[in-house]
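Overview (structure and organization)
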Amino acid sequence: MKGLCILGSTGSIGLSTLDVVARHPDQYRIVALTAHRDVERMAAQCQRYRPDFAVMADEEAARRLREKLSDDAKAPEILGGEEALAQVAALESVEVVMAAIVGAAGLLPILAAARAGKRILLANKEALVVAGALLLSEVEKNGAQLLPIDSEHNAIFQCLPADFQGDLGAVGVARILLTASGGPFLDYPLEQLSQVTPDQACAHPNWDMGRKISVDSATMMNKGLELIEACWLFSAKPEQIQILIHPQSIVHSLVQYQDGSVLAQLGNPDMRTPIAHALAWPHRIVSGVPPLDLFSADPLVFRPVEPDRFPCLELAYRAAEMGGAAPVVLNAANEVAVAAFLSEQIRFTEIPVLVNRTLEKLGSAEIAEDDLDALLAIDQQARAFAKQLMV
Ligand code: NAD
Ligand code: MG
């Protein structure tokens, strides 16, 4: 039995993870579940999955959860606060940590899991964007494992040789082809983009995801963050990665080899496939995803990205090339801008404007990439600057 900690169990990836795990009660045991504030859903998960620990990052929510489960004799130990996230991610009884918190808020518990030598299933791409060098060195130093859950990166991982050690040239890779759906506004009239609502931006044509990543998909900042994520995971340079629009979201990414071969991973757009893959790797388990039916699937189409439609992508390329503080600043400004758009404080088209101005101001700040305090400080500085641009 493998002990599992799910960071962000009440979110979209958290729910998909629980769905896969519930199909294999003989193989996985839920040791800890964590969430931010969603007490109702966490209470239901505690009653259904009977973890040893439940953590609410918000202390007040932890108090409400304790109250709600006060009559339940089998209630878990309930902890509150950010430090408790790191504490449960490093528990001795935990072997696998699903990192499914959204945003840089997920970084510290992931670092704790790395330092404790866990198998980390990484959905939380922002953590790698913010602290790629530091996280990879902690993984390496402590014998931890980092397996990609992001569907594209999981696909690339599957298309690389099993003994890939971080040198793309040595295994004959010419380039990585990273697919993008293009989101809900792929063919939307450009001049009307400034008027779109949060609900329109979150209505993704193929994937059902949390609201932050849904907006990122609509701006294609998601692909930009994924570009940086791929550079870290596969020791790639930005120019070794080509982004292509594939509106059907069936080919989850491809690897092109020097001999002309192109390997792809295909499947229905359902995150339970990469989750099951990484959970069981190097074995395969049932995920609950229906088999792909190529006869009934829409024709597979590929097209180049229209840069004017997706300015966030160019900003991410710039940050990837700059390195250092730039990806931290890009991510922080984007988190602030997306939250402001979701609460209808700014327009959709203001997201790249805000990110660009923050990147110009703070992107070249000198920092040591493996200095956590410096990374967190520049993250805070970028958030404060981006917020102040909106007043
Ligand atoms: P979501 O918003 O549905 O869920 C986020 C989870 O994190 C929730 O459980 C929430 O309670 C918790 N959380 C939020 N803020 C927190 C904080 N400050 N402290 C502690 N916990 C907090 O998001 P999601 O769609 O499940 O995405 C999670 C991560 O996975 C993101 O980084 C996203 O980019 C990545 N991802 C998601 C998908 C997808 O299909 N949803 C696909 C690929 C990658
Ligand atoms: Mg993805």
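These numbers were taken from a predicted model, which means no experiment stands behind them.

It is worth spelling out the site of ligand 1 at this point. Near ligand 1 lie 23 residues; those nearest to it are T10, S12, I13, E126 and G210. Residue T10 places a side-chain N or O atom 2.8 Å away from an oxygen atom belonging to ligand 1. Interatomic distance of 3.4 Å between a backbone N/O atom of A123 and an oxygen atom of ligand 1. Relative to its free-state accessible area of 820 Å², ligand 1 is covered by the protein chains to the extent of 87%. Here the shell around ligand 1 spans two domains, since at least three of its residues come from each of domain 1 (2-148) and domain 2 (161-268 + 290-308).

Our next topic: the pattern of salt bridges. Evaluation of the coordinates by the stated rule reveals 24 salt bridges. One connected set of salt bridges, linked through shared partners, spans K125, D150, E152, K223 and E226.

Examined against the element boundaries, D52 turns out to sit in the loop between α2 (39-49) and β3 (53-56). A relative accessible area of 31% places D52 in the partly exposed class. Separated by 19 residues in the primary sequence, D52 and L33 place their C-alpha atoms 8.6 Å from one another. Among all residues touching D52, those that are not within four sequence positions of it are R29, I30, V31, P76 and E77. Among the polar contacts listed, one links the side chain of D52 to the side chain of R29, at a separation of 3.2 Å.

Right, let's get into the coordination of the magnesium ion (ligand 2). Protein-derived ligands of the magnesium ion (ligand 2) are D150 (OD), E152 (OE) and E226 (OE), with the metal-ligand distances lying across 2.1 to 2.2 Å. In primary sequence terms, the donor set of the magnesium ion (ligand 2) follows D-x1-E-x73-E. Of this pair, D150 sits in the loop between β7 (145-148) and α7 (151-159) while E226 sits in helix α10 (residues 221-233); the two residues are 76 residues apart in sequence, bridging distant segments of the chain. Classification of D150 as buried rests on a relative accessible area of 8%.

Scanning the entire structure with this criterion turns up four aromatic pairs. Seen from their ring centres, F185 and F348 are 5.2 Å apart, and the 75° between their planes marks the pair as edge-to-face. Here F185, found in the loop between β8 (173-180) and α8 (198-202), pairs with F348, found in the loop between α13 (326-342) and α14 (350-362); they are 163 residues apart in sequence, far enough to count as distant. By the burial criterion, F185 is buried, and F348 matches it. Aromatic rings pair up to connect F185, Y188, F341 and F348 into one cluster.

The terminal C-alpha atoms of helix α6 (residues 125-141), which comprises 17 residues, lie only 21 Å apart, well short of the 24 Å expected from a rise of 1.5 Å per residue. The largest bend along α6 reaches roughly 100° and is located at A131. The buried fraction of α6 is high, at 12 of 17 residues. Listing the buried residues of α6 in full gives K125, E126, A127, L128, V129, V130, A131, G132, L134, L135, E138 and V139. Looking one or two residues past α6, G143 carries a phi angle of roughly 65°, positive in sign.

Right, let's get into a nonpolar patch on the surface. Judged by side-chain polarity, L266, L294, L300 and F302 come together as a nonpolar surface patch covering roughly 340 Å² of accessible area. The residue F302 is located in the loop between α11 (272-280) and α12 (311-322) in this model.

Looking at the assigned domains, one finds that the protein contains domain 1 (2-148), domain 2 (161-268 + 290-308) and domain 3 (323-391). Contact residues are listed per partner, giving 19 residues for domain 2 and 15 residues for domain 3. Linking domain 2 with domain 3 are zero salt bridges, by the criterion used here. Between the two partners, domain 2 and domain 3, sit one residue pair in polar contact (both at pLDDT 80 or more). Here the side of domain 2 that touches domain 3 takes six residues from helix α9 (residues 211-219), the largest share from any one element. Partitioned by chemical class, the residues of the side of domain 2 that touches domain 3 number 12 nonpolar, four polar and three charged.

The next subject is the nonpolar core. A general tendency of soluble globular proteins is for nonpolar side chains to be buried together. V88, L160, F234, I241, L330, F348 and I351 are the most contacted members of the largest nonpolar core, which has 99 residues in total. The dominant element in this core, judged by the number of residues it contributes, is α13, at 11 residues. Beyond its immediate sequence surroundings of up to four residues, L160 is in contact with L168, V173, F234, V255 and Y257. If you look at the next biggest cluster of nonpolar residues, it comprises 38 residues, including I78, M98, M209 and A276.

What follows concerns the side chain of S151. By the element assignment, S151 lies in helix α7. Sequence-distant contacts of S151, defined by excluding residues within four places in its chain, comprise W207, H252, M271 and P274.

Conventions used here
Residues numbered from 1 in each chain as written. Chains lettered and ligands numbered in written order. Predicted model: local features only at pLDDT ≥ 70, side-chain atom pairs only at ≥ 80, totals over all residues. Heavy atoms only, no water. Near = heavy atom within 4 Å. Polar contact = N/O pair within 3.5 Å; in protein donor to acceptor, adjacent residues only side chain to side chain. Areas by Shrake-Rupley, 256 points an atom, 1.4 Å probe, with all protein chains shown as cover. Domains from an automatic or database assignment. Salt bridge = Lys/Arg side-chain N within 4 Å of Asp/Glu carboxyl O. Helix = DSSP H or I, 4+ residues; strand = E, 2+ residues; numbered from the N terminus. Buried < 20%, exposed > 50% of the residue type's maximum accessible area, 1.4 Å probe, protein only. Contact = heavy atoms within 4.5 Å. Donors = N, O, S within 2.8 Å, 3.2 Å for Na, K, Ca; no water. Phe/Tyr/Trp six-rings, centres within 6.5 Å; stacked < 30°, edge-to-face > 60°. Expected span 1.5 Å × (residues − 1). Bend = angle between axes of the 7 residues up to and from the residue. Patch = residues over 30% accessible without salt bridge, like charges linked within 9 Å, V, L, I, M, F, W, Y side chains within 5 Å. Nonpolar A, V, L, I, M, F, W, Y, C, P; charged D, E, K, R; others polar. Core = buried A, V, L, I, M, F, W, Y, C linked by side-chain atoms within 4.5 Å.

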